[in-house]
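Coordinate inspection notes
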Amino acid sequence: MQKKTFVAALGFAASLAALPAGAKELTVSSWVAPSHPTISAGYATYFPAVEQATKGEVTFKLISGGALLGGKETLTGLGDGVADASVLALTYNPAQLPTSQLVAELAMLSGDSVAVAAAVTEFTLLHCAPCLAEFSAQNVVYTGSYATAPYALISKEKITSAADLAGKRVRSPGGAWDRWISEVGASVVHTSSAEMYEALNKGVIDVAMQPAAALKSFSLWDVAGSITLGSFGVYNSGPLLSFNKDSWASLSAENRRVLLDQMALALVVTTDAYLAQNGAAEQEAPAHGVAIEAKPAELEQQIAAFNAQDLGAVVAKAKSVYNVAEAEALVAKYQEILAKWEAATAGGLSREALVAKIKADVFDKLSEASYGL
């Protein structure tokens, strides 16, 4: 993975000598490459917007490619002040953020990526006090989540039913996907995304569960012959930019307000970038010899039945494994919020209208004088 330092987000900031008095440069750590949607879309939108709105009082220094912190070390490093801010993957830290794992466990409930991003953000910021307390205990301030494109089944052979998966070895992202894979009689394999190509090529796995964009970004279309699109959900546990609590507190209230106000757009453009990559890969797939199976009816019925009964497993796991006392109420609240945002996106809102709604419904309700302090 390319390791490169970008000063003030991809080269658009002025030199330190030109910064206004009292300016604060925030060091941002990311373990992904500059081409990743969180950077190429999210940060490339957010950083200049914040710089402009604060009149240069807040700028960013991005260190990407894991040069500062790796994925699994980021939460601890962020809390320790190794970086001022960073992307997070909450599934790396179940012990430190147990209540937040509820969201990860509900990943198969929806394939509407933008609705999921909005729902997770609203749920965490406004309706999950234990989630925020867990972040605070890690000396971290949460400010919102993006979502990936919908997951799919990438394989050498066509898959249109649960029977087609029986006995197969499936690369899983974890959580609810592990339970679903076991439910259909397949075997769960945990391997990194970087290892998927060789694993599929050499028969270590029969199926890779990954968004369609992986056909292109990981060249899986060179070793796969089929992709099954369906209601497999999205990865929903990615805070786009969380802050070290001391760094957050060192900013003026006015500048914290800017950081909150600009986040809704950054979350939406990041999620949209995932969807755009996915759409491009789906369009190109046939030219690479990959057949597309779109939402096979039998498989969709099986997934719906699984989701209906899996809520009980989510609650049980939250209580027994993560010791979350209010699991039923929190799951019900998330479902309610998700339904609200699915209805909003189904109404055909423009990007501008959606961003405005997220800002009004969520971020405007946070006080820059007290949130995260």
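Further up the page is the structure itself.
Reference entry: report on the structure contained in this document. Treat the numbers as computed from the prediction; the structure is a model and nothing was measured.

Things to note about the packing of aromatic side chains
Here the structure, examined in full by the defined rule, presents 12 aromatic pairs. Measuring from ring centre to ring centre gives 6.1 Å for Tyr46 and Phe60, while their planes differ by 50°; the resulting arrangement is tilted. Pair noted here: Tyr46 is in helix α2 (residues 37-53) and Phe60 is in strand β3 (residues 58-63), with a separation of 14 residues, a long-range link. With a centroid separation of 5.6 Å and 10° between ring planes, the pair formed by Tyr146 and Tyr274 is classed as stacked. A residue pair is termed long-range when its members are at least 10 positions apart, and Tyr146 in strand β6 (residues 145-146) and Tyr274 in helix α13 (residues 263-284) qualify at 128 residues. A cation over a ring is seen here: Lys357 above Trp341, with NZ or CZ 5.4 Å from the ring centre.

Some details on the environment of Ser320
Following the sequence through the fold, Ser320 ends up in helix α14 (residues 297-320). Ser320 gets classed as exposed once you look at its relative accessible area, which sits at 61%. At 2.9 Å, the side chain of Ser320 and the backbone oxygen of Ala316 are in polar contact.

Quick look at the state of the cysteines
Considering all chains together, one arrives at one disulfide under this definition. In this model Cys128 forms its disulfide with Cys131; the gap between the sulfur atoms is 2.1 Å. Between Cys128 and Cys131, the S-S torsion sits near 65°, and that sign places the bridge as right-handed. The exposure class of Cys131 is buried, given its relative accessible area of 1%.

Some details on the nonpolar core
By size, the foremost hydrophobic cluster in this structure holds 97 residues, and its most contacted members are Tyr46, Phe60, Trp180, Leu241, Trp341 and Phe363. Looking at which element gives the most residues to this core, the answer is helix α5 (residues 113-127), with nine residues. Counting residues in hydrophobic clusters, the runner-up holds 19 residues, among them Ala152, Ile154, Val223 and Ala224.

A look at unusual backbone geometry
For Lys55, which is not glycine, the phi torsion reads 55° and is therefore positive. In this structure, Lys55 sits in the loop between α2 and β3. One non-glycine residue with positive phi stands out, namely Asn323, at about 60°. Note on placement: Asn323 falls in the loop between α14 and α15 (327-346). Residue Asn323 is classed as exposed on the basis of its relative accessible area of 67%.

Examining the packing of helix α8 (residues 176-183) against α14
Where α8 meets α14, the closest approach of the two axes is 10 Å, and the angle between their N-to-C directions is 125°. It follows that α8 is oblique to α14 by the angle criterion. Considering how the two elements wind past one another, α8 and α14 form a crossing that is right-handed. From α8, Ala176, Arg179, Trp180 and Glu183 reach across to α14, where they touch Leu299, Gln302, Ile303, Phe306, Gln309, Asp310, Ala313, Val314 and Lys317.

Examining the pattern of salt bridges
Taken as a whole and assessed by the stated rule, the structure comprises 16 salt bridges. Lys216 is paired through a salt bridge with Glu284; the nearest N and O atoms lie 3.0 Å apart. Here Glu284 lies in helix α13 and Lys216 lies in helix α10 (residues 214-217), a separation of 68 residues in the sequence. One network of salt bridges, in which partners are shared, links Arg257, Asp261, Lys359, Asp364 and Glu368.

Some words on the pairing of strand β10 (residues 207-211)
Of all five residues in β10, five are buried; the element is thus mostly enclosed. Two strands pair when backbone bridges link them, and strand β7 (residues 151-155) and β10 are joined in this way by five bridges, in the antiparallel orientation. Paired with Ala152 across the two strands is Gln210, which belongs to β10. Two strands pair when backbone bridges link them, and strand β8 (residues 169-171) and β10 are joined in this way by two bridges, in the parallel orientation. Considered in β10, the bridge of Val170 is made with Val207.

Quick word on the side chain of Lys245
In this fold, Lys245 is placed in helix α11 (residues 245-250). An unpaired buried charge is present at Lys245: no salt bridge exists, and Asp246, the closest side chain of opposite charge, is 7.6 Å distant. At 2.6 Å, the side chain of Lys245 and the side chain of Ser136 are in polar contact. With residues near it in sequence (within four places) discarded, Lys245 still touches Ser136, Asn139, Val140, Val141, Gly372 and Leu373.

Brief notes about α15
The periodicity of an α-helix, 3.6 residues per turn, causes residues three or four places apart in sequence to face the same way. With 20 residues, α15 should reach 28 Å at 1.5 Å per residue; the first-to-last C-alpha distance of 28 Å fits that figure. Every buried residue belonging to α15 is among Ala327, Leu330, Val331, Tyr334, Ile337, Leu338, Trp341 and Ala344, and all of these are buried. What you see down the axis of α15 is that its buried residues fit within an arc of 145°, all on one side. Of the exposed residues in α15, those oriented more than 90 degrees away from the buried face are Ala343 and Ala346.

Parameters and conventions
- Residues numbered from 1 in each chain as written.
- Predicted model: local features only at pLDDT ≥ 70, side-chain atom pairs only at ≥ 80, totals over all residues.
- Heavy atoms only, no water.
- Phe/Tyr/Trp six-rings, centres within 6.5 Å; stacked < 30°, edge-to-face > 60°.
- Helix = DSSP H or I, 4+ residues; strand = E, 2+ residues; numbered from the N terminus.
- Lys NZ or Arg CZ within 6 Å of the ring centre and 35° of its normal.
- Buried < 20%, exposed > 50% of the residue type's maximum accessible area, 1.4 Å probe, protein only.
- Polar contact = N/O pair within 3.5 Å; in protein donor to acceptor, adjacent residues only side chain to side chain.
- Disulfide = S-S within 2.5 Å.
- Core = buried A, V, L, I, M, F, W, Y, C linked by side-chain atoms within 4.5 Å.
- Axes fitted to C-alpha atoms, helices over the stretch in contact; angles between N-to-C directions.
- Parallel < 35°, antiparallel > 145°, perpendicular 65-115°, else oblique.
- Left-handed = near helix turned anticlockwise from the far one by under 90°.
- Contact = heavy atoms within 4.5 Å.
- Salt bridge = Lys/Arg side-chain N within 4 Å of Asp/Glu carboxyl O.
- Pairing = 2+ DSSP bridges.
- Lys, Arg positive; Asp, Glu negative; His and termini not counted.
- Expected span 1.5 Å × (residues − 1).
- Arc of directions from axis to C-beta.

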